[in-house]
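A structural walkthrough
Spelled out from the first residue to the last, the chains are:
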Amino acid sequence: MSEAVAAAKNISSATSSHVGAQAGGAEASYLRISAVVKKFGDHLAVDHIDLDIRKKEIFALLGSSGCGKSTLLRMLAGMETPTSGRIILDGQDMQGLQPYERPVNMMFQNYALFPHMTVEQNVGFGLKQDKVGKDEIAERVAKMLDLVQMRKYAGRKPHQLSGGQQQRVALARSLVKRPKLLLLDEPLGALDKKLRQETQLELVNTIEAVGVTCIMVTHDQEEAMTMASRIGIMSEGKLLQVGTPTEIYEYPNCRFTAEFIGETNMFEGAVVVDEPDKVEINSQELGGVIHIDHGITGPKGMHVWASIRPEDVRLDKQALPPGPNVAAGEVKDIAYLGSYSIYHVKLAGGKVVKSIVPSSRWYDAGETAPSWGDPVYVSWRSDVPVVLTM
């Protein structure tokens, strides 16, 4: 399965140390974003955002370019002023405070290191500006460079460092002032894919070691699902859903979230049965009925969509008995990715369904894998589909 899917499926073990307490109580409002709006002329960039961030939480704002996530981050940093609404950090209202007056540090995608300064001078720059004593600066810089494993590079200039090393220096510079809130704007965007993957959990471990509350902005699903304890999905200035990576992936609340996080097969249809223990959706795209083993409390005839993840779609070469959650089709495309393959199956009505199949599936069954043009059958369990109304 894909890396974003794997991250979602295994997230409970990868982030168990920083998921923290459940929402509610004092920790839920360490940072409170209340009814925040930002307009640029007639354009509504941020549309009435309400969000509580817990102390020491790593929270990710995830969305496509132009959705408003970076504008929200800039308002937290004091680089933009909200049109309306309030931002309260640890009980202090941020309204009217300049960026340098806020207990907030921001790390940019390009790191913005001073090219003429050494690593040590870059990290200590903010402390020097705050007129901290030389001995304290030396001590705090040394400890921070140890934390990010850059002590031996203290005398080098930024151009003498790799991209990953520059990222560590930028992080050290952001943390050395001991901010109450750390803002990361596409923190790993400047790194190649392999280095990003290696750096993700290393970055999380450093942030947790310092104990700082962190909000990161990214458009990379895998990055958000690997690093964050909770994720907020944004689109067109609105916050559509907030939850843990597992909640966001397994229980999306709308089609945008379902389609934005990972991949999904979306079937449009109408409710024909809705009872406490089951719902049935008649879908022309499937050419049959989708059966789900719980009710949705919706009227018959209601227009809905059923989201089914590709890894939950079973593929068979042998004919299956007719019934709900089953359809015949033809293999139109295959993407072989080593440990698994993605099959694109065209159904009779023209709908293309994706199925992620482990490579061991056919070997274990003593069969040869289907090939292009072969007739196949897709099916899924009745507890798999998620019903969406918008």
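This write-up is about the structure you can find in this document. (Residues numbered from 1 in each chain as written. Predicted model: local features only at pLDDT ≥ 70, side-chain atom pairs only at ≥ 80, totals over all residues. Heavy atoms only, no water.)

**Considerations on the overall build of the chain**
- Assigned secondary structure in the chain consists of eleven helices and 20 strands.
- By its C-alpha atoms, the chain is 80 × 45 × 40 Å across when sized along the principal axes.
- Sequence-distant contacts, at least 24 apart, represent 67% of the contacts inside the chain between residues at least 6 apart.
- Working note: accessible area of the chain is about 18,400 Å², and carbon and sulfur atoms make up 49% of it.
- The chain carries 42 positive and 47 negative side-chain charges, and their two centres are separated by 7 Å. (Helix = DSSP H or I, 4+ residues; strand = E, 2+ residues; numbered from the N terminus. Contact = heavy atoms within 4.5 Å. Areas by Shrake-Rupley, 256 points an atom, 1.4 Å probe, with all protein chains shown as cover. Lys, Arg positive; Asp, Glu negative; His and termini not counted. Charge placed at Lys NZ, Arg CZ, Asp CG, Glu CD.)

**Considering helix α4 (residues 119-129)**
- Within α4, burial applies to V119, N122, V123, G124, G126 and L127.
- The secondary structure elements touched by the buried residues of α4 are α5 (134-147) and α6 (163-175). (Buried < 20%, exposed > 50% of the residue type's maximum accessible area, 1.4 Å probe, protein only.)

**A word on the packing of α6 against helix α7 (residues 193-210)**
- Running from N to C, α6 and α7 cross one another at 20°; their axes reach a closest spacing of 12 Å. Here α6 is positioned roughly parallel relative to α7, judged by the angle of their axes. In the packing of α6 onto α7, the handedness of the crossing is right-handed. Across the interface between the two elements, G164, Q167, R168, L171 and L175 from α6 touch L195, T199, E202, L203, T206 and V210 from α7.
- For the contact of α6 with α7, the class distribution of residues is five nonpolar, four polar and two charged. (Axes fitted to C-alpha atoms, helices over the stretch in contact; angles between N-to-C directions. Parallel < 35°, antiparallel > 145°, perpendicular 65-115°, else oblique. Left-handed = near helix turned anticlockwise from the far one by under 90°. Nonpolar A, V, L, I, M, F, W, Y, C, P; charged D, E, K, R; others polar.)

**Comments concerning the sheet that holds strand β1 (residues 31-40)**
- Read from one edge of the open sheet, four strands run β2-β1-β4-β5, paired in antiparallel fashion. Only two strands of the sheet have a single partner each, and these edge strands are β2 (43-53) and β5 (92-93).
- Sheet analysis places β1 next to strand β4 (residues 84-89), joined by five bridges and oriented antiparallel. Looking across to β4, one finds that V37 is bridged to S84. (Pairing = 2+ DSSP bridges.)

**Regarding the sheet that holds strand β11 (residues 265-275)**
- Ordered in space as β13-β12-β11-β14-β20, the five strands form an open sheet in which the pairing is antiparallel. One side of each edge strand has no neighbouring strand; the edge strands of this open sheet are β13 (288-292) and β20 (386-388). Averaged over all adjacent pairs, the angle separating strand axes in this sheet is 40°, with direction ignored.
- In this structure, β11 lies alongside strand β12 (residues 278-283), joined through five bridges in antiparallel fashion. Looking at β12, one finds that A270 is bridged to N282.

**Section: unusual backbone geometry**
- In this structure, K56 takes a positive phi of about 70° despite not being glycine.
- Inspection of the secondary structure puts K56 in the loop between β2 and β3 (58-62).
- Phi is positive for R178, close to 55°, though the residue is something other than glycine.
- Along the chain, R178 falls in the loop between α6 and β7 (181-185).

**As for the packing of aromatic side chains**
- Applying the stated criterion to the full structure yields four aromatic pairs.
- Residues F114 and F125 carry aromatic rings whose centres are separated by 4.7 Å and whose planes lie at 55° to one another, so their mutual orientation is tilted. Taken as a pair, F114 in the loop between β6 (104-107) and α4 and F125 in helix α4 lie far apart in primary sequence, eleven residues in all.
- Classification of F114 as partly exposed rests on a relative accessible area of 27%.
- Here F125 falls in the partly exposed class, since its relative accessible area comes to 27%.
- With a centroid separation of 5.4 Å and an interplanar angle of 10°, the aromatic rings of F256 and F260 are classed as stacked. (Phe/Tyr/Trp six-rings, centres within 6.5 Å; stacked < 30°, edge-to-face > 60°.)

**Examining the pattern of salt bridges**
- With the rule as written, the count across this model stands at 18 salt bridges.
- Put simply, R54 and E57 hold a salt bridge, and the shortest N to O gap is 3.5 Å.
- Assessed through its relative accessible area of 6%, R54 is described here as buried.
- Linking K177 and D130 is a salt bridge whose minimum nitrogen-to-oxygen distance equals 3.1 Å. With K177 in the loop between α6 and β7 and D130 in the loop between α4 and α5, this residue pair connects regions lying 47 residues apart in the sequence. (Salt bridge = Lys/Arg side-chain N within 4 Å of Asp/Glu carboxyl O.)

**Some thoughts on the environment of D274**
- Mapping D274 onto the fold places it in strand β11.
- Spatially, the C-alpha atoms of D274 and I296 are 6.7 Å apart, while their sequence positions differ by 22 residues.
- When sequence neighbours within four positions are dropped, the list of residues in contact with D274 reads V279, G295, I296, T297 and G298.
- Within the local environment of D274, its side chain forms a polar contact with the backbone nitrogen of I296, the two atoms lying 3.0 Å apart. (Polar contact = N/O pair within 3.5 Å; in protein donor to acceptor, adjacent residues only side chain to side chain.)

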